[in-house]
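So the chains spell out like this:
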Amino acid sequence: MHNTTKSSKENKLDGRVDFEISENGFQKYSQLMKEKQNIALGIIGGIAALIIGLAAWTGTMLLVSYKLDWMALGVGLLIGYSVRLLGKGVEPKFGVIGAVLAFIGSVAGNLLTACIIFANGKSISFFSVLPQLNPKTVLYFLKAVIGPFDVIFCLGAILIGYYFAFKPLKGQ
């Protein structure tokens, strides 16, 4: 004997119960989820993920001495997920934060890649190149290292950073 009420119904095929949420119930749930959001923690989590992602990208580059364009996607994923996890975002503004930080991460990753390539070419330490960076050398390095695939992976990182940075409510 099946117990059916207005708030739930049993799926005859697999025994799962599907709950129907009234419009008023969804409004309350939506408001509760929006109140739990924390944009400051989302930004902090995204920046922490950016730093960790860049350290992984740079460390891998130093080990393999090979340009790894696709690492931008991993940095974007790490940033987006961190923004969502810590910020508890359900609104697109968290996606914008994830996308912006992913863009910054992608550009910074390419800059660090250029620094590694330059340091290896001059047979000097990567860490001796970093203090010498100024706006002119940054632009020079970025122009030298960024190619079509870097742009594609950067756009991918931006999309991934946006997509994973918030969990939209089903009714949105």
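Residues numbered from 1 in each chain as written. Predicted model: local features only at pLDDT ≥ 70, side-chain atom pairs only at ≥ 80, totals over all residues. Heavy atoms only, no water.

## A closer look at the pattern of salt bridges
- Counted according to the given criterion, the structure contains three salt bridges.
- Between Asp150 and Lys67 there is a salt bridge, with its nearest N and O atoms 2.8 Å apart. Taken together, the residues span a long stretch of sequence, with Asp150 in helix 7 (residues 148-164) and Lys67 in the loop between helix 2 (39-64) and helix 3 (71-87) at a distance of 83 residues.
- The class for Asp150 is buried, based on a relative accessible area of 5%.
- Among the ionic pairs, Lys93 bridges to Glu91, the shortest N-O distance being 3.5 Å.
- Several salt bridges converge on common partners, so that one network encompasses Lys67, Asp69 and Asp150. (Salt bridge = Lys/Arg side-chain N within 4 Å of Asp/Glu carboxyl O. Helix = DSSP H or I, 4+ residues; strand = E, 2+ residues; numbered from the N terminus. Buried < 20%, exposed > 50% of the residue type's maximum accessible area, 1.4 Å probe, protein only.)

## Re a nonpolar patch on the surface
- Judged by side-chain polarity, Val96, Val100, Phe103, Ile104, Tyr162 and Tyr163 come together as a nonpolar surface patch covering roughly 570 Å² of accessible area.
- Contributing elements (two or more residues each) for the nonpolar patch: helix 4 (92-122) and helix 7.
- No other element matches helix 4, which puts four residues into the nonpolar patch.
- Take Val100: it is sitting in helix 4. (Patch = residues over 30% accessible without salt bridge, like charges linked within 9 Å, V, L, I, M, F, W, Y side chains within 5 Å. Areas by Shrake-Rupley, 256 points an atom, 1.4 Å probe, with all protein chains shown as cover.)

## Topic: the nonpolar core
- Core analysis: the largest hydrophobic core is formed by 29 residues, its most contacted members being Trp57, Ile79, Val83, Cys115, Phe126 and Phe141.
- When residues of this core are traced back to their parent elements, those giving at least two are helix 2, helix 3, helix 4, helix 5 (126-129) and helix 6 (135-145).
- At ten residues, the largest contribution of residues to this core is made by helix 4.
- When neighbours within four sequence positions are excluded, Phe141 is seen to be in contact with Leu111, Ala114, Cys115, Phe118, Val129 and Leu133. (Core = buried A, V, L, I, M, F, W, Y, C linked by side-chain atoms within 4.5 Å. Contact = heavy atoms within 4.5 Å.)

## Remarks on the confidence of the model for the protein
- The share of residues in the protein with pLDDT of 70 or more is 84%, and the mean pLDDT across the chain is 87.
- Under a pLDDT of 50 for its full length, residues 1-8 has, in the predicted model, nine contacts with residues more than four places off or in other chains. (pLDDT = per-residue confidence, 0-100.)

## Things to note about the side chain of Thr113
- You can see Thr113 is positioned in helix 4.
- Relative accessible area serves as the criterion here: at 2%, Thr113 is assigned to the buried category.
- From its side chain, Thr113 meets the backbone oxygen of Gly109 in a polar contact 2.8 Å long.
- Those residues within four positions of Thr113 in sequence are excluded, and the remaining contacts are Trp57, Met61, Lys67 and Val145. (Polar contact = N/O pair within 3.5 Å; in protein donor to acceptor, adjacent residues only side chain to side chain.)

## Thoughts on the environment of Leu142
- Topologically, Leu142 is positioned in helix 6.
- Measuring from C-alpha to C-alpha, the distance between Leu142 and Val107 comes to 8.0 Å, with 35 residues separating the pair along the chain.
- Ignoring sequence-local partners within four residues, the contact set of Leu142 consists of Val107, Asn110 and Leu111.

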